[in-house]
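Okay, here's what each chain looks like letter by letter:
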Amino acid sequence: ETGVTQTPRHLVMGMTNKKSLKCEQHLGHNAMYWYKQSAKKPLELMFVYSLEERVENNSVPSRFSPECPNSSHLFLHLHTLQPEDSALYLCASSQAPPRGGADTQYFGPGTRLTVL
Amino acid sequence: TQLLEQSPQFLSIQEGENLTVYCNSSSVFSSLQWYRQEPGEGPVLLVTVVTGGEVKKLKRLTFQFGDARKDSSLHITAAQPGDTGLYLCAGLTSGTYKYIFGTGTRLKVLA
């Protein structure tokens, strides 16, 4: 498989559930990103991992918990979400130069999350 | 707060027409990307521009980065129904991992 893959593609969960989103990149990149895309809002950066170290946390509520076990995999653990968290969650990867800054991002297809 | 404003927000045109989408900011970016996103999918990269004043062409699409690297435009010649989608610009600030995305332009090309 090539590019960036995300599973599941669709997820419906209750506010008391715990679930995880998974992202895998097959591009040999060393930086991975989580974004939230809501209707009528620009794409919002949530987290960035570079060389498996979190380098950005964009004031995201603690009910979202990222995990990056290696440079190819990224998870977003969800617990006690709110209905307003319903959105398309996108994963991306890029090649990050050693001094910071990043190369072009490649996106996965996203997970459409609905919180009831 | 860095913002990238895109205009227009929505555009519905007939096949064969030309159009221009604008991406404007008060911030300077080290590079700027344009993406197209279709419903239910992630954004797909169209082009990256890095030099002020740079012009890149991709078949019927022409991209320009402003001289001051604060703005960009996307021009489509003879639009086709396959061009329909959400067009997003994204700017990267030098030395960071933070891509700032524009507000998006939703284009519909009617056959």
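Here the structure is a predicted model, which means the values were calculated and not measured.

> I tried to follow the layout of surface pockets on my own but got confused; where do I start?
If a probe as big as a water molecule is rolled over the atoms, it shows which places are left empty. Its boundaries defined by the atoms lining it, the largest pocket holds a volume of some 550 Å³. Every residue lining the largest pocket is counted, 25 residues in all, and those nearest its centre are Ser38(A), Ala39(A), Lys40(A), Leu86(B) and Arg106(B). Of all the elements in the fold, those that place two or more residues in the lining of the largest pocket are strand S9 (87-94) of chain A together with strand S9 (85-92) and strand S11 (105-110) of chain B. Here the lining of the largest pocket is composed, by residue class, of 9 nonpolar, 10 polar and 6 charged. Looking at the second largest pocket, its volume works out to about 460 Å³. If you trace the second largest pocket, you find 22 residues lining it, with Pro42(A), Leu43(A), Glu44(A), Leu45(A) and Asn58(A) closest to the centre. Counting only elements with at least two residues in the lining of the second largest pocket, the list comes to strand S5 (44-50) of chain A together with strand S10 (99-101) of chain B. Residues that form the lining of the second largest pocket fall into these classes: 12 nonpolar, 5 polar and 5 charged.

Rules and cut-offs
Residues numbered from 1 in each chain as written. Chains lettered and ligands numbered in written order. Predicted model: local features only at pLDDT ≥ 70, side-chain atom pairs only at ≥ 80, totals over all residues. Heavy atoms only, no water. 1 Å grid on protein atoms, 1.4 Å probe; cavity = no way out; pocket = protein on both sides within 12 Å on 5 of 7 lines; lining within 4 Å. Points joined across faces, edges and corners; volume = space filled by probe spheres on them. Helix = DSSP H or I, 4+ residues; strand = E, 2+ residues; numbered from the N terminus. Nonpolar A, V, L, I, M, F, W, Y, C, P; charged D, E, K, R; others polar.

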